[in-house]
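Now for the letters of each chain:
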Amino acid sequence: FLKALLVDRDGAAAARQRGDVVMAERALRDAFATDVRGFLEEYRNARGLAPDPLVKFRESGYERRMAAERGPRKARPGGTYA
């Protein structure tokens, strides 16, 4: 979501109006390529949130608890996918 806010919408719209597909795509790619990790870390710290939500999730044990609650997976006939 944050990267979507970084898209130069005016620049992309102007490029589309000119029929310049390459520059319109560049507006999207530039936003996508922007490293937002520093901003997100500051945002989380300012609000007392975990600096890395994935680490926090794994440390919480939630995944293990839910897997235990669901029980074992059913075996699929025919072996494994891979």
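This one's a predicted model, so the numbers in the text were calculated from it and none came from an experiment.

Rules behind the numbers
- Residues numbered from 1 in each chain as written.
- Predicted model: local features only at pLDDT ≥ 70, side-chain atom pairs only at ≥ 80, totals over all residues.
- Heavy atoms only, no water.
- Polar contact = N/O pair within 3.5 Å; in protein donor to acceptor, adjacent residues only side chain to side chain.
- Helix = DSSP H or I, 4+ residues; strand = E, 2+ residues; numbered from the N terminus.
- Salt bridge = Lys/Arg side-chain N within 4 Å of Asp/Glu carboxyl O.
- Buried < 20%, exposed > 50% of the residue type's maximum accessible area, 1.4 Å probe, protein only.

Participant: Describe helix α5 (residues 53–60), with residues and values.
Facilitator: The α-helix advances 3.6 residues per turn, and as a result positions three or four apart in sequence lie on the same side. For α5, the N-terminal capping position is held by Asp52, with its side-chain oxygen 3.1 Å away from the main-chain nitrogen of Leu54. After α5 finishes, the residue Gly61 shows a positive phi value of roughly 80°.

Participant: Which residues make up the pattern of salt bridges, and what values go with them?
Facilitator: Applying the stated criterion across every chain yields a total of 4 salt bridges. As a salt-bridge pair, Asp20 and Arg18 come within 3.9 Å of each other at their nearest N and O atoms. According to the relative accessible area criterion, Asp20 is partly exposed, its value standing at 26%. Two residues, Arg29 and Glu25, come together in a salt bridge whose shortest N-O distance is 2.7 Å. Linking Arg29 with Glu25, this pair stays in helix α3 (residues 21–33), spanning 4 residues, or about one helical turn. With a relative accessible area of 54%, Arg29 lands in the exposed category.

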